[in-house]
There are 2 protein chains.
Amino acid sequence: MRRFRIGVLFFVLAALALAEEGKWTPQQVLQIDPTWLKQQGLQLPALKLWDPKRGTGLLAAAVALPGCTAAFVSANGLILTNHHCLFGLIQEHSTTDNDLITNGFIARSREQELAGKTTRITVPRKFTDVTKAIEAAIPAGVNDLARLKAIEAKQKSLVAECERTPGNRCSVAAFDGGLQYTLVEGFELTDIRLVYAPPRAVGEFGGEPDNFRWPRHTGDFAMARAYKDGKPYQCEFFYPIAKTGVKAGDFVMLMGYPGRTFRSMTADEMANERRLRFEMAKDVFGEWIGLLEQTTKGSAEGTIAVSVMLKNLNNTHTNAQGQLDGLERGKLVEKQRAADDAVVAWAAGRAAFAGALAAKQDLEKLAEARRATGARDYLYGVIGTGSVALREAASLVRMAGERAKADEEREAGYQERDWIRIRAALARDTQSFYRPSDEAILSSWLRRAQAEKITPAVGRSALDLFRGTKITDPSERLKMFNESLDQLRARNDSMLNLALALEPELRAWRVATDTRDGAIARLRPEWRKAVIAHAGKPVAPDANSTLRVTFGHVKGYSPRDGVMYTPQTTLAGMIEKSTGEEPFAIPRFILDAARTAKTREIPLNFMADTDTTGGNSGSPVVNGRGELVGLNFDRPWENVANDFGYNPDVARNISVDVRFLVWLLEDVQKADFILKELGLK
Amino acid sequence: MRRFRIGVLFFVLAALALAEEGKWTPQQVLQIDPTWLKQQGLQLPALKLWDPKRGTGLLAAAVALPGCTAAFVSANGLILTNHHCLFGLIQEHSTTDNDLITNGFIARSREQELAGKTTRITVPRKFTDVTKAIEAAIPAGVNDLARLKAIEAKQKSLVAECERTPGNRCSVAAFDGGLQYTLVEGFELTDIRLVYAPPRAVGEFGGEPDNFRWPRHTGDFAMARAYKDGKPYQCEFFYPIAKTGVKAGDFVMLMGYPGRTFRSMTADEMANERRLRFEMAKDVFGEWIGLLEQTTKGSAEGTIAVSVMLKNLNNTHTNAQGQLDGLERGKLVEKQRAADDAVVAWAAGRAAFAGALAAKQDLEKLAEARRATGARDYLYGVIGTGSVALREAASLVRMAGERAKADEEREAGYQERDWIRIRAALARDTQSFYRPSDEAILSSWLRRAQAEKITPAVGRSALDLFRGTKITDPSERLKMFNESLDQLRARNDSMLNLALALEPELRAWRVATDTRDGAIARLRPEWRKAVIAHAGKPVAPDANSTLRVTFGHVKGYSPRDGVMYTPQTTLAGMIEKSTGEEPFAIPRFILDAARTAKTREIPLNFMADTDTTGGNSGSPVVNGRGELVGLNFDRPWENVANDFGYNPDVARNISVDVRFLVWLLEDVQKADFILKELGLK
């Protein structure tokens, strides 16, 4: 099906400009001009990638792990993914005496494979358009809050119905903000056994200092096998290991389950994200990071207690900085505004899109309303990530409120099945509580809350709140868990009192958020209709954790004037970085194996301009023949804002080169059992 | 004259391998295969570069400034060099009201040019081989110390004779350690007037953080005019501004006065430099930097007092680290050893080179002897850069010893003409003395001296030395300056006593050093004869501040795996780096002028693999037609060890692109007067 109805020259220019942008759904691959795909380097017919009649194809050899992607690489269910995606499985079998995390693991026969308890994968089976069913479930004339609840309820019931088939794992995914809803039917394999893990020093080589960075030298891969009914799972589709590796300019495709992107937002909505998410995070978390560092200086106890919180704050803070830099570098908001304006101008003369234009105006009104309350909303939102004591108080108050309802009336996350988890978290909190740090963070929150006129914060001091509370006493806290709102009130505990006073505001904020989401679910599809019609060719929808494929080429980029990041690194670079100290400590046996000049040229990591985001960790990277050439594991710093817009100058992802994997298995670890199955022995 | 007597294929390979190595003397240019030079990109006949009959040529348009190089760029004596090379001249005319350093300067007519007091240039006139005269001056059978003194005396007398011609500025340069001595006759122009200086923010853009770094965006250039007898100096040779700039791969030549390199050392001598100069500097200065930082923490007085010393120590320490890294990266000592061994193997069967082999063995014995005393010698050497109080005491004791002699017997630097300078330094020292820092440095020196069995250091503590001295009292110190050794002894001052006890050891060390230098002057030429004969083609001698030319191409390099430094930067990069704060603050009028996309593409700096060292600052970089395309001002960090060996992977120098200069003069500063003279208006 040809959808490009434009002249040849313009087509070529447009194709060049857009070549690598887009996380395509399997169905969309068949809408893309096959000549163009061939020119890019695809040597297989598109129908081999996806057969719409059967609802499957080579793309389905990419399977979902929670938060990650994995790939079948043999007919007997051998799975390749990132080391960090199988870390839980490795950890399960790691003991002080048999430290698999540090030493790695090699199964030398099927019997040696290590079964796990928690790892599961989902293999895609069927995609069904359920848009009509969802729309039919929305009562006529309801308000936006009711609309959201109706959509959510219908989604839940469709999922429940689908999961009645044993082994099924289903979800309803919204595309283009609800323009289309798809029931994604997959089946879950729960018997996943560890086959190979490199030493952590290889799998996590470079650690935090190299995270998000190029040049990169990380062997971030591991292998497992899926079993069904006690036998290796027989898969119809898998990616054989490529006999020849890639070089600069080579075509690659990348399959996987990208989590979430924001490219269908209007410019105003993006600008809101910039200000109300990233700039706020930079400001608030930047201050809190400083407070944690100051208050724990010289205290081993304090340093340990706040370490997880500090890491999380740092992650968010660093990410926010990257998003802000990338939005600025790519002028993404400005480009989106120009794109919005072009659609508006085009639609203005077309009666069919009057609704789209009205929807756009309403989206902008919502964005404006959000701006008015954004700073205050942000402070409500970070109660869950700031002071431990305030978070606990808020959680206890909300729990007490929900407990008073019937279970099916309770908010998600506060139903009876969630209680064990909530109680465990309250018990565990003691580990991460350090009074001087918590007091400083709470002070900061109170000061900011007062400035934003959050009434319950006015006149309270963190010191007084801590003096008048028993919430920091673990046994008292667990007692509180079982108490009603009246009992909590009767305690006259200063921290609980603050939470009780905040709860009506928080409830109103949650309702407002849900109402806005309901409105967006109504408006966004209308507006996207115009955007897609204006494009006149397939437009990839935002990522939503469903199976996607992206096409691109092995390619470096220039991070700044006078510097070029070349697209491939080698073992030589890993050895250069090796200091003997974590995270740059390569085990001696690998250093020894890497002595010869020829070995040092083994390719280790490469970049391509395929279009990825979180969830693509472990995504297979294959050549034009569908053979595995690499395994995606990261994207460089300059590309963090990719979620808002594809900037071809810096849109790159980073993969482990399969030649490093083969070298490690073959020359270093003599993993014959695995190599035979991969057809390499 | 064709000197390559080898087959074509081998010639091509050898030429490729050696293309860019070598700072050639003007005479050597005529010995290089003209076909090869043409292949490289030279479009002029070699005789145009240098006419041996006249002893001049286009190369002579490069003139010497103290520590720098400059280039004539018009027939009327207009000179182009680095901003930092003309800084003294700019400073002379800079006042609070008329701050030329900050604002820059543009002469809009000859009358506006600003005459200076101290800037002088030397134009090369004639090169005479005086090897025979020097050798004849060495009495037969003298020891090595007397040999050194005889050579030095003859050099002095040749220079004095040459400088009898008014305006002459002469020197005797040793090539290949004394294989050839050349009397270099130049004439000095002392009326140098400032014509153009950019604002310091352009001329020093990037400052310390960017020093030695790529990517670079520094407009390090300024212009002056040489006058003779009150009229613009008429020069026969100059480099016209190129109409088209360079791009990657283009041929360039670079002329100048490189100061000193160490490539004719044997591998053992290089290994000694590595250990006894750079590793020692890393160790000792690394400790002292830490001590200065600790002892001045929180003290404004201390911080100011030690700032110059700290800067000097940091420079040496950073340079040492660069040398060590570069020696390791290029495996320079190992390569030198292989080269030495090849010459030894070749010479072994040739009776004519028996003397060369013996000389090599003797050089190695000297190197071995130096190793035995190296750490101790280093501590003697750093008395002049460490504790201010000890340095003063040593200087006063030496001064008293020398004063007792007749003036012509006194060591260089301690003759009557030097006394004012020494006395001024002693008076000035108060500014850079901060007791806690000085005591810490002295403690470190004493501890190290004791470990090296420097007897006078044994049993002394820095605290006691400071308690028992009056040397830190400025007026007492100036009194001491006039006293004899007996008077100094009679003071029984603890610091002077240490210096008095050290002086015999220091004297013995100076004699040993001179003796070794005399031996090297005897041995090195013998050994170099074999090296040059073995090469069978011209071999560029080590730099010695005489006029040289180097051939190369515009070229980037890879500083590490996965990264390529591309060879050109643009104005866009300067703007990207601009923070508004020194040293990244570009004046507003330049930012304004750089608004258009086309302007931002103006080339700013470029790299080439021409072979440079200190002294090449301000060297003209010209294309194959002899037209100026750039102005050398730095080399990147990875190339610091270039003085020991040319590593083609990283041997790069950094130049200002002449297109930036033209843009600044033409589009921004409308400097029509200068542009007309440059033929650009």
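About the cut-offs
- Residues numbered from 1 in each chain as written.
- Chains lettered and ligands numbered in written order.
- Predicted model: local features only at pLDDT ≥ 70, side-chain atom pairs only at ≥ 80, totals over all residues.
- Heavy atoms only, no water.
- Least-squares fit on C-alpha atoms with pLDDT ≥ 70 in both.
- Contact = heavy atoms within 4.5 Å.
- Helix = DSSP H or I, 4+ residues; strand = E, 2+ residues; numbered from the N terminus.
- Disulfide = S-S within 2.5 Å.
- Pairing = 2+ DSSP bridges.
- Axes fitted to C-alpha atoms, helices over the stretch in contact; angles between N-to-C directions.
- 1 Å grid on protein atoms, 1.4 Å probe; cavity = no way out; pocket = protein on both sides within 12 Å on 5 of 7 lines; lining within 4 Å.
- Points joined across faces, edges and corners; volume = space filled by probe spheres on them.
- Nonpolar A, V, L, I, M, F, W, Y, C, P; charged D, E, K, R; others polar.
- Domains from an automatic or database assignment.
- Buried area = accessible area lost by both parts, 1.4 Å probe.
- Salt bridge = Lys/Arg side-chain N within 4 Å of Asp/Glu carboxyl O.
- Polar contact = N/O pair within 3.5 Å; in protein donor to acceptor, adjacent residues only side chain to side chain.

> I'd like to hear about the relation of the copies chain A and chain B, residue by residue, with values.
When chain A is fitted to chain B, the residual RMSD is 0.2 Å, and the transformation amounts to a turn of 180° plus an axial shift of 0.2 Å. Such a combination of turn and shift is consistent with a two-fold rotation axis. Taking the C-alpha atom as reference, chain A places Met564(A) closest to the rotation axis, 2.5 Å from it. Mapped onto chain B, 100% of the interface residues of chain A again fall at the interface, so both copies present the same surface.

> Help me get a handle on the environment of Phe175(B), residues and values and all.
Relative to the helices and strands, Phe175(B) resides in strand β7 (residues 168-175). In this structure the C-alpha to C-alpha distance between Phe175(B) and Asp657(B), which are 482 residues apart in sequence, comes to 33 Å.

> Any chance you could break down the state of the cysteines for me, citing the residues and the numbers?
Residues and elements named next belong to chain A. A complete count under the given rule lists four disulfides over all chains for this structure. Two residues share a disulfide in this structure: Cys68 and Cys85, whose sulfurs sit 2.1 Å from each other. Here the disulfide of Cys68 and Cys85 is left-handed, its torsion about the S-S bond being about -80°. Of this pair, Cys68 sits in strand β2 (residues 68-72) while Cys85 sits in the loop between β3 (78-81) and α5 (87-92), and the two are 17 residues apart along the sequence.

> I'd like a rundown of the sheet that holds strand β15 (residues 563-565) of chain B, residues and numbers included.
Strands in a sheet are paired, the pairing made by backbone hydrogen bonds, and the direction either parallel or antiparallel. The antiparallel open sheet is built from four strands, whose spatial order is β14(A)-β15(A)-β15(B)-β14(B). With one partner strand each, in any of the chains shown, β14 (557-560) of chain A together with β14 (557-560) of chain B form the two edges of the open sheet. Averaged over all neighbouring strand pairs, the angle between strand axes comes to 35°, with direction disregarded. As defined by bridge partners, β14(B) adjoins β15(B) across two bridges and the pair is classed as antiparallel. Bridged to Arg560(B) within β15(B) is Val563(B).

> Now, about empty space enclosed by the protein: what can you tell me, with residues and values included?
All names here are of chain A. Across all of its chains, the model carries four cavities of 30 Å³ or more by this definition. Counted as a void, the largest cavity has a volume near 50 Å³. Around the largest cavity, the lining residues are Gly326, Arg329, Gly330, Leu332, Glu638, Asn639, Ala641, Asn642, Gly645, Asn647 and Val650. Here the lining of the largest cavity is composed, by residue class, of three nonpolar, six polar and two charged. Of the domains in this structure, domain 1 (6-120 + 190-261 + 543-557 + 568-677) and domain 3 (267-522) are the two that each give at least three residues to the lining of the largest cavity.

> Just give me the short version of the domain arrangement of chain A, but keep the residues and values in it.
All names here are of chain A. If you check the domain split of chain A, you get domain 1 (6-120 + 190-261 + 543-557 + 568-677), domain 2 (126-185) and domain 3 (267-522). One C-alpha centre belongs to domain 1, the other to domain 3, and the line joining them spans 35 Å. Between domain 1 and domain 3, the residue contacts involve nine residues of the former and 14 residues of the latter. Counting each side, the surface lost to burial between domain 1 and domain 3 is near 1,100 Å², with a carbon and sulfur contribution of 65%. Area buried by domain 1 at its contact with domain 3 is led by Trp637, Ala641 and Phe644, which between them contribute 54% of it. The tally of links between domain 1 and domain 3 comes to zero salt bridges. Joining domain 1 to domain 3, the criterion identifies one residue pair in polar contact (both at pLDDT 80 or more).

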